[in-house]
Amino acid sequence: MLFVSRRKRIQRSVPERVGNAVIVLILLLFAFSTTYPFWHVLMYSISDSGQAMSGGLFFLPRDPTLVSYDVLFRTKQIFIAYGNTIWKTLIGTVLSLALSALTAFPLAHRKLPGRNLLSMVFFFTMLFSGGMIPTYLVVQQLGMIDTPWALILPNVLSAYNMFIIRNYFQQLPSSLEESAFIDGATPPVVLWRIVLPISAPILAANAMFYGVGNWNSYLDCILYTNSNTLQTLQVYLRNLISSVGSMDSIAGVGGATASLSEETIKMTAISVSVIPVLVAYPFLQRYYASGITVGAVKG
Amino acid sequence: MTGAQISLWKRFCKSARQYWWFYFMLLPGLIYIVVFRYAPMYGITIAFKNYSVFKGFDASPWVGFDNFTKLFGRAAFQRALYNNVIIGVEKLIFGFPLPIILSLMLNEVRKNSLKRTIQTAIILPNFISWIVINGLLFAMLGTNNGAIVGVMRFFGYVGEIPNLLADKEHFRAVILLSYLWKSGGYATIIYLAAIAGIDQSLYEAAEIDGAGRLQQLWHITLSSLRPTIVMLLIMRVGEVMNAGFDQIYAISNYLVVSVADIIETYVYTLGMESRKFSEATAAGLFINVIGLTLVLITNHIAKKIDPESGLM
């Protein structure tokens, strides 16, 4: 017994062990509450509608069937909504990332005259904004209403994310840049060849921030577009969930759906929009965590 | 010119050329921020005008504070302001300590794999949109065939089950709890990172001195976290008026609008649905000015406590 580590030598008393068990139990309950609903919705969506009617917990599907997916994917709108969300996420994220890095690089250059003033210009937008209506009117004046641009441009740059990248750039050893400048490289070349390759972690984290933001955003779609051809997945889902009788519009296309309930269709639509996020989650979590920790360092 | 002067001139040219490149790279970002952030700030002027779509920004007549007077007289605005304060303060009071408590609890979990699994699970909702969460709420709390109703029926409960999602008395609780559920886990990333940075020898010394677990928690863990907590709290207080448009818009409905409507959702209804652009802009300006004031005050306090911190 003399040789066991000090940590183990101190015996835990009974109340302490009970306390620990209670803590673990509470945490497990909370973890259950944050994961079970997703499982529930997935299981419900592949259950037979009649069997699912009685509600309760779904640990396994009841009479598994994919009929609701079949019906949902026979409508055209789900493909339009999915497609819009995918291109919005891809193009939006790439543009946002490029613009953020491009803006962050000069602002990270300590010798640049006017750097503080320029930083303030960007920083102030984090404190104060014109608000929803004036922004809407600007987008309208630009003729962007009901165009694909409206889903990307109005929020293409987040000052907050840009400053996280700038802070990261500032921490890089300046000797790398300087030697490149002495060799006659121009700033864009230095950014592209030297700075970006060693900034992969922060770029990945920001790609996640922007990607998740784009995938989940719905206000821009609601504010700036009216036509169904520009509807995104989130708005499609919202309309489907909040409307009673949404079934009729879908069943009209799908055909024989007598055995399919509106609830099952709603669960299917929720599943379809959440599955990509769940699949990507392990990556998201990793890069998010690193992004927050780096972002916490002030520059 | 002497040789030294020439080389100086060359260096100047070189750095000017470099700076020119830097400003050029800044241009797209600046154009963006001027068009989509500063132009709307100029657009705030319509809060003091009687904006007409036909006359445009500049030609619409000035009306002073008329829009504000009209706005403050509206019962719906007063209600939205009241809800905004209540919901914002509730979220602050309950939402701020939750991640701290969760982190302290997670820290007590001995098995690292279990700790990581739990943390992964409780952060998950943070990545999910409020629209989807609205769907999950419907799946859990719906009165037709929701999970909770089914469980209660299973245990033989036959009484009436209120529809929490359409019930004025309970909806604020739904707002608060779903907010805690979504955001509770996220900040544990920051707190657990701070806890991991605490010197382990402190705990060992305390154990030798006979300090119990609770005493260690109080005197070592919490007091080491104090600076982090104070900073995050001050920043959080500055955002108290931000009651969460995304959430309210996604999960509320006309049955609960009287307890759920906040200023921003009211701005949306007034502006986008009733097309009262001037009054809606005035309402937005009102809340934004309060928000800005709070942030500046809290930032000032944060800087006094710790000059290194603060937003800028």
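Residues numbered from 1 in each chain as written. Chains lettered and ligands numbered in written order. Predicted model: local features only at pLDDT ≥ 70, side-chain atom pairs only at ≥ 80, totals over all residues. Heavy atoms only, no water.

### Some points on the overall build of chain A
Spelled out, the test is: The numbering of helices and of strands both runs from the N terminus, where a helix is a DSSP run of H or I of at least 4 residues and a strand a run of E of at least 2. We call a residue buried when its accessible area falls under 20% of the maximum for its residue type, exposed when it is over 50%, and partly exposed in between, using a 1.4 Å probe and counting protein chains only. In what follows, a contact means two residues having at least one pair of non-hydrogen atoms within 4.5 Å. Computed with the Shrake-Rupley method and a 1.4 Å probe, the accessible areas treat only the protein chains shown as cover for residues.
Across its full length, chain A holds 16 helices and 0 strands. The 299 residues of chain A split such that 53% are buried. Sequence-distant contacts in chain A: of pairs separated by 6 or more residues, those separated by 24 or more amount to 70%. Total accessible area on chain A is roughly 13,800 Å²; 68% of this is exposed by carbon and sulfur atoms.

### Quick look at the interface of chain B and chain A
Note the cut-off: A simple way to read buried area is as the amount of 1.4 Å-probe accessible surface that goes missing from two parts once joined, with both sides added. A side-chain nitrogen of Lys or Arg and a carboxyl oxygen of Asp or Glu constitute a salt bridge if their distance falls within 4 Å. Between N or O atoms, a polar contact is any pair within 3.5 Å; within protein, one atom must be a potential hydrogen donor and the other a potential acceptor, and residues adjacent in sequence are included only when both atoms are from side chains. Classification used: nonpolar for Ala, Val, Leu, Ile, Met, Phe, Trp, Tyr, Cys and Pro, charged for Asp, Glu, Lys and Arg, polar for all others including Gly.
If you look at the interface, chain B gives 91 residues, while chain A gives 98 residues. Between chain B and chain A the total buried area reaches about 8,900 Å² when both faces are included, carbon and sulfur atoms providing 75% of it. If you sort the residues of chain B by the area they bury against chain A, B:Met25, B:Phe127 and B:Asn145 come out on top, with a joint share of 9%. For the pair chain B and chain A, the interface holds 0 salt bridges. At the surface where chain B touches chain A, the tally comes to 14 residue pairs in polar contact (both at pLDDT 80 or more). Among the elements that line the side of chain B that touches chain A, the one with the most residues is helix α1 (residues 3-43) of chain B, at 21 residues. In the side of chain B that touches chain A, the residues fall into 62 nonpolar, 18 polar and 11 charged.

### Brief notes about the domain arrangement of chain A
All names here are of chain A. Defined as follows: As annotated, the domain borders come from an automatic or database domain assignment.
When its domains are assigned, chain A resolves into domain 1 (2-65) and domain 2 (70-296). Counting residues at the interface gives 8 residues for domain 1, matched by 12 residues for domain 2. Here domain 1 meets domain 2 over a buried area of about 860 Å², counting both sides, of which 72% is carbon and sulfur. In terms of surface lost to domain 2, no three residues of domain 1 exceed Val41, Tyr44 and Ser49, which account for 49% of the buried area on that side. The interface formed by domain 1 and domain 2 includes 0 salt bridges.

### A word on the pattern of salt bridges
Per the stated rule, a full pass over the model turns up 7 salt bridges over all chains. Its salt-bridge partner being A:Arg74, residue A:Asp70 comes within 2.3 Å of it at the nearest N-O pair. Judged by relative accessible area, A:Arg74 falls into the partly exposed class, the value being 44%. Residue A:Glu262 pairs with A:Lys266 through a salt bridge whose shortest N-O separation is 3.6 Å. A residue pair is termed a helical-turn pair when its members lie 3 or 4 positions apart in one helix, as A:Glu262 and A:Lys266 do in helix α16 (residues 262-295) at 4 residues. Each member of the pair, A:Glu262 together with A:Lys266, is buried. One salt-bridge network, in which partners are shared between bridges, spans B:Lys70, B:Arg74 and B:Glu279.

### Digging into unusual backbone geometry
Residue and element names in this part refer to chain A. Positive phi outside glycine occurs at Asp63, with the angle close to 50 degrees. Within the fold, Asp63 resides in the loop between α3 (49-52) and α4 (67-72). The phi dihedral of Asp146 is positive, around 65 degrees, even though this residue is not glycine. Tracing the backbone shows Asp146 in the loop between α7 (132-141) and α8 (149-152).

### Some details on helix α2 (residues 14-45) of chain A
Note the threshold: Here the expected length of a helix is defined as 1.5 Å per residue gap, with one fewer gap than residues. A residue's bend is given by the angle between axes fitted to the 7 residues ending at it and the 7 residues starting at it.
Taking 1.5 Å of rise per residue, the 32 residues of α2(A) would be expected to cover 46 Å, and the 46 Å separating its terminal C-alpha atoms lies within 8% of that figure. The largest bend in α2(A) comes to about 35 degrees, at A:Thr35, with the proline A:Pro37 one to four residues further on.

### A word on helix α12 (residues 200-216) of chain A
Structural remark: α-helix, 3.6 residues per turn; residues separated by three or four positions point the same way. An ideal rise of 1.5 Å per residue puts 24 Å on 17 residues; α12(A) measures up with 24 Å between its terminal C-alpha atoms. Of all 17 residues in α12(A), 13 are buried, a share of seventy percent or more.

### A closer look at the packing of α7(A) against helix α16 (residues 277-305) of chain B
Note the following rule: The convention used is that axes are lines fitted to C-alpha atoms, helices contributing only their stretch in contact, and that angles between N-to-C directions extend from 0 to 180 degrees. Relative orientations are named as follows: roughly parallel for angles under 35 degrees, roughly antiparallel for angles over 145 degrees, roughly perpendicular for angles from 65 to 115 degrees, and oblique for any other angle.
Here α7(A) crosses α16(B) at 130 degrees, and the two axes come no closer than 7 Å. When the axes of α7(A) and α16(B) are compared, the pair comes out oblique. Here A:Ile133, A:Pro134, A:Tyr136 and A:Leu137 of α7(A) come into contact with α16(B), specifically with B:Phe277, B:Ala280 and B:Thr281. Tallied by class, the residues present in the contact of α7(A) with α16(B) amount to 6 nonpolar, 1 polar and no charged.

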